[in-house]
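Each chain, letter by letter, is given below.
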Amino acid sequence: MLRLSGEGPLSISKLTAGFPITRQAITKHLRVMEDAGLVRGTFQGRESVWQLDQRRLADVRRHLQMISSQWDETLGRLKALVER
Amino acid sequence: MPTVVVTDRIEKKVLLRAPRARVWNALTDVREFEQWFGVKFERPFAPGALLRGVLVGSTVDAEVAKAQRQHASVPFEITVDRIEPEFLFSFRWHPFAVEQTVDYSKEPTTLVEFVLEETPGGVMLTVSESGFDRIPLERRSQAFTANDGGWSIMIKLIETYLGQAS
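**Digging into the overall build of chain A**
Now for step 1: The helix and strand tally for chain A stands at three helices and four strands.
Now for step 2: Scaling as 2.2 N^0.38, a compact globule of 84 residues should have a C-alpha radius of gyration of about 12 Å, whereas chain A reaches 18 Å, well beyond that.
Now for step 3: If one aligns the C-alpha atoms of chain A with their principal axes, the spans along those axes are about 65 × 30 × 20 Å.
Now for step 4: Per-residue burial over chain A gives 19% buried out of 84 residues.
Now for step 5: Partitioning the contacts of chain A with sequence separation of at least 6, the portion at a separation of at least 24 is 36%.

**Re the confidence of the model for chain B**
Residue and element names in this part refer to chain B.
Now for step 1: Confidence along chain B averages 79 in pLDDT terms, with 75% of residues attaining 70 or more.
Now for step 2: Every residue in residues 144-159 is under pLDDT 50, and counting partners more than four places away or in other chains gives 22 contacts.
Now for step 3: Reported for the predicted complex are a pTM of 0.73 and an ipTM of 0.77.

**Digging into the sheet that holds strand β4 (residues 47-52) of chain A**
Either a parallel or an antiparallel arrangement is found when strands of a sheet pair, and the pairing is made through backbone hydrogen bonds.
Residue and element names in this part refer to chain A.
Now for step 1: Read across the open sheet, the three strands follow the order β2-β4-β3; overall the sheet is antiparallel. Each edge of the sheet is formed by a strand with only one pairing partner; in this case those strands are β2 (10-11) and β3 (39-44).
Now for step 2: The pairing of β2 with β4 spans two bridges and is antiparallel. Across the sheet, the residue bridging to Ser11 is Val49, located in β4.
Now for step 3: Here helix α2 (residues 23-35) sits on the sheet and contacts β3 and β4; the angle it forms with β3, its principal contact strand, is near 120 degrees.

**Points about the packing of helix α3 (residues 54-83) of chain A against helix α1 (residues 20-28) of chain B**
Now for step 1: At a minimum axis distance of 10 Å, the contact between α3(A) and α1(B) shows a crossing angle of 130 degrees. Considering the angle they form, α3(A) stands oblique to α1(B). The element α3(A) and its partner α1(B) pack so that their crossing is right-handed. The segment α3(A) lies against α1(B), with Leu78(A), Leu81(A) and Val82(A) engaging Arg22(B), Val23(B) and Ala26(B).
Now for step 2: When its residues are assigned to classes, the contact of α3(A) with α1(B) shows five nonpolar, no polar and one charged.

**What about the sheet that holds strand β5 (residues 76-84) of chain B?**
All names here are of chain B.
Now for step 1: Strand order in the open sheet formed by seven strands is β2-β8-β7-β6-β5-β4-β3, with antiparallel pairing between adjacent strands. With one partner strand each, in any of the chains shown, β2 (9-16) and β3 (39-41) form the two edges of the open sheet. The average undirected angle you get between the axes of adjacent strands in this sheet is 30 degrees.
Now for step 2: In this structure, β3 lies alongside strand β4 (residues 50-55), joined through three bridges in antiparallel fashion.

**Comments concerning the environment of Arg92(B)**
Residue and element names in this part refer to chain B.
Now for step 1: With respect to the helices and strands, Arg92 occurs in strand β6 (residues 88-93).
Now for step 2: Spatially, the C-alpha atom of Arg92 lies 5.1 Å from that of Thr79, the residues being 13 residues apart in sequence.
Now for step 3: Apart from the residues within four sequence positions on either side, Arg92 is in contact with Ile78, Thr79, Asp81, Thr109, Thr110 and Leu111.

**Focus on helix α3 (residues 62-69) of chain B**
Now for step 1: Three or more residues of α3(B) are buried, namely Val64(B), Ala67(B) and Gln68(B). Each buried residue of α3(B) lies within a common arc of 100 degrees when the element is viewed along its axis, so the set occupies one face.

**Structural notes on the pairing of strand β7 (residues 110-119) of chain B**
Residue and element names in this part refer to chain B.
Now for step 1: Relative to β7, β6 runs antiparallel, the two sharing six bridges. By the bridge assignment, Leu88 is partnered in β7 with Val115.
Now for step 2: When β7 meets strand β8 (residues 122-130), the two strands line up antiparallel, connected through nine bridges. Its bridge partner being in β8, Glu113 is matched across the sheet by Ser128.
Now for step 3: Joining the antiparallel neighbours β7 and β8 is a turn of two residues.

Cut-off values and rules
Residues numbered from 1 in each chain as written. Chains lettered and ligands numbered in written order. Predicted model: local features only at pLDDT ≥ 70, side-chain atom pairs only at ≥ 80, totals over all residues. Helix = DSSP H or I, 4+ residues; strand = E, 2+ residues; numbered from the N terminus. Rg over C-alpha atoms; globule rule 2.2 N^0.38 Å. Buried ≥ 20, exposed ≤ 12 C-beta atoms within 10 Å, placed from the backbone. Contact = placed C-beta atoms within 7 Å. pLDDT = per-residue confidence, 0-100. Pairing = 2+ DSSP bridges. Axes fitted to C-alpha atoms, helices over the stretch in contact; angles between N-to-C directions. Parallel < 35°, antiparallel > 145°, perpendicular 65-115°, else oblique. Left-handed = near helix turned anticlockwise from the far one by under 90°. Nonpolar A, V, L, I, M, F, W, Y, C, P; charged D, E, K, R; others polar. Arc of directions from axis to C-beta.

In structure tokens:
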């Protein structure tokens, strides 16, 4: 799960503030998300700044909705089977 | 206001009015699994086992079965993760590995978990699939842009199914 501010790009120090995990751990997760095309990281001075890639996120949401619908349908069949 | 963006995980809950043992068998006995999921496996589920299945079609819904059989030649692989009797069943797979020309074996998998919980009204089944963030965006986009008919058929199938149900 990723939490990013709706206000826009956030520096790594602001992003990690309030989390009980290390900056390194969050950066690692952000890199995975970056590889997946969900966020973009840039450097401003010495600090990295992260933002959501909105266009790609819309794609991803559609994809998750599609898989979600498939699960609804599959679980409907399971329900029909065990309740009959 | 902070926005919570969940892109890695899907979670579903369904209340099943059936005994816990009945639900557990439907999930973990490959012959029962075949009936609702529509995929036939030759060997039983066992922790750590890599199983190759065939899409034979669900026996619960004839229309669904017909459409699923169109993909019968597509290899369907899962690796069983954990089996904790009447509580947890999980496996890993490639979430939309439907194109025969693509080798998915090197790609990250998602984890599918079924968790059973006894409630007064029946068994609450929670199904989650997680790990989507590790899958390249190109692959995620491909799920709905594939023009070979793979997923578009599946989407059509869902629409047909929902149309019948309503």
